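A closer look at the structure
Each chain, letter by letter, is given below.
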Amino acid sequence: PELGAKINPEKTLVSSGITIQLEVDAGKTKSVPFRSSERRNHHGRSCFPWCGLLFDTQTGEVSIDYERFHGGKLGDGLTVDCDGEEGRMMEKRIRNFVLPRCLPILYDPSINSFDTAVTNFYQMMLFAAAKTFEYLKSLMMLVSSSESNTNVNHILHCIRGLSNFAIRNINNHATKSQTQPCSFEVEIDQHLASWLTWKAFYVVFSSVSDFSNLTSCMHSELRTAVSIRSASADKRKVGTLFPIISRAFDAFRLECLIQN
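Residues numbered from 1 in each chain as written. Predicted model: local features only at pLDDT ≥ 70, side-chain atom pairs only at ≥ 80, totals over all residues. Heavy atoms only, no water.

Turning our attention to the overall build of the protein chain. The secondary structure content of the protein chain amounts to seven helices and seven strands. Residue burial in the protein chain is summarised as follows: out of 260 residues, 43% are buried. Put simply, of all contacts in the protein chain between residues at least 6 apart along the chain, 67% involve residues at least 24 apart. (Helix = DSSP H or I, 4+ residues; strand = E, 2+ residues; numbered from the N terminus. Buried < 20%, exposed > 50% of the residue type's maximum accessible area, 1.4 Å probe, protein only. Contact = heavy atoms within 4.5 Å.)

Our next topic: helix α3 (residues 152–160). Listed in full, the buried residues belonging to α3 are Val152, Ile155, Leu156, Cys158 and Ile159. In an axial view of α3, the angular spread of the buried residues amounts to 155°, which keeps them on one side of the axis. (Arc of directions from axis to C-beta.)

The subject of this paragraph is the environment of Arg40. Structurally, Arg40 is set in strand β4 (residues 39–40). If near-sequence neighbours (up to four positions away) are discounted, Arg40 is found in contact with Arg45, Ser46 and Cys47.

Moving on to the packing of α3 against helix α5 (residues 190–206). Packing of α3 against α5 brings their axes to within 10 Å, and their N-to-C directions diverge by 135°. By the angle between their directions, the pair α3 and α5 is classed as oblique. On α5, the residues that touch Leu156, Ile159 and Arg160 of α3 are Thr197, Trp198 and Phe201. Taken together, the residues of the contact of α3 with α5 break down into four nonpolar, one polar and one charged. (Axes fitted to C-alpha atoms, helices over the stretch in contact; angles between N-to-C directions. Parallel < 35°, antiparallel > 145°, perpendicular 65-115°, else oblique. Nonpolar A, V, L, I, M, F, W, Y, C, P; charged D, E, K, R; others polar.)

The subject of this paragraph is α5. Compared with the 24 Å implied by 1.5 Å per residue over 17 residues, the 24 Å span of α5 between its first and last C-alpha is a close match. For α5, a buried count of twelve out of 17 residues is recorded, marking the element as mostly surrounded by other parts of the structure. Leu192, Ala193, Trp195, Leu196, Thr197, Trp198, Lys199, Ala200, Phe201, Val203, Val204 and Phe205 are the residues of α5 that are buried. Two or three places before His191, at the opening of α5, Asp189 has a side-chain oxygen 3.1 Å from that residue's backbone nitrogen. (Expected span 1.5 Å × (residues − 1). Polar contact = N/O pair within 3.5 Å; in protein donor to acceptor, adjacent residues only side chain to side chain.)

This brings us to the packing of helix α1 (residues 86–98) against α3. Following both chains from N to C, one finds α1 and α3 inclined at 30°, their axes separated by 9 Å at the closest point. With respect to α3, the element α1 is oriented roughly parallel. Classified by chirality, the crossing of α3 by α1 is right-handed. Counting all contacts with α1, which are made through Gly87, Arg88, Met90, Glu91 and Ile94, the residues of α3 involved are His154, Ile155, His157 and Cys158. (Left-handed = near helix turned anticlockwise from the far one by under 90°.)

A word on the pattern of salt bridges. The final tally for this structure, using the stated rule, is six salt bridges. Between Glu134 and Lys137 there is a salt bridge, with the nearest N and O atoms lying 3.7 Å from each other. With Glu134 and Lys137 both in helix α2 (residues 114–142) and three residues apart, the pair spans about one turn of that helix. The exposure class assigned to Glu134 is buried, which follows from its relative accessible area of 11%. In this structure, a network of salt bridges that share partners links the residues Arg45, Asp56 and Glu61. (Salt bridge = Lys/Arg side-chain N within 4 Å of Asp/Glu carboxyl O.)

Taken together, the two bridges between β4 and strand β5 (residues 46–50) define a ladder with antiparallel strand orientation. Directly across from Arg39, in β5, lies its bridge partner Cys47. Between β4 and β5, which pair antiparallel in sequence order, lie five residues; one of them, Gly44, sits at a positive phi of approximately 85°. Inspection of the sheet shows β5 paired to strand β6 (residues 53–56) by four bridges, in the antiparallel sense. (Pairing = 2+ DSSP bridges.)

Structural data, given as structure tokens:
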């Protein structure tokens, strides 16, 4: 108080419930409780939100806060191109849905477990798929198109390269964010990244009533990714990953993002 600084309890959030003594006047004090975070992550543990991230207050693990996109906010800032180069720009837009979330802190094994790293990657692709759905829906409305004349093959091409694009950028960001070369390798290999990507896109597009032809093609791509993943040398087979992505999907709450 003597420095003119004040704390507004209504605008203050702490990681655990506390009460502090604040001086009011003439040496008198009063007890002021501060709000603690009520957020939970995919493990059900308490999390502290900060700058679009969620920090596990027990383990220090980090994930993305997707709740801020709930309530119809998914389309905010969405740019739909109708300049005659829609196909080329679509691939750029889909990659931009992923790029800001290719943060090393989400995949560093010294911070996050393999479970959390997979969750972060899968939820990133769920988000990209949901944004892609909104993009395609808006594009069809603007150009008076329909699914029957939508270039399904080009959309599949855009998605097919997305997993490698994400892994490459995670590693690039990790290298650029340190004075020394990258000190860790992302535990998600290209085969796993491809499977998580197709799984996410198929799950999202299966939940909406539009784009049945595209969804059918995604299912074929997913089956191929499952076969490749099952034949890989990694001991973590597809079956062992289902509990992880199931928890990740439940925590993502897709129904709060997409207004179908």
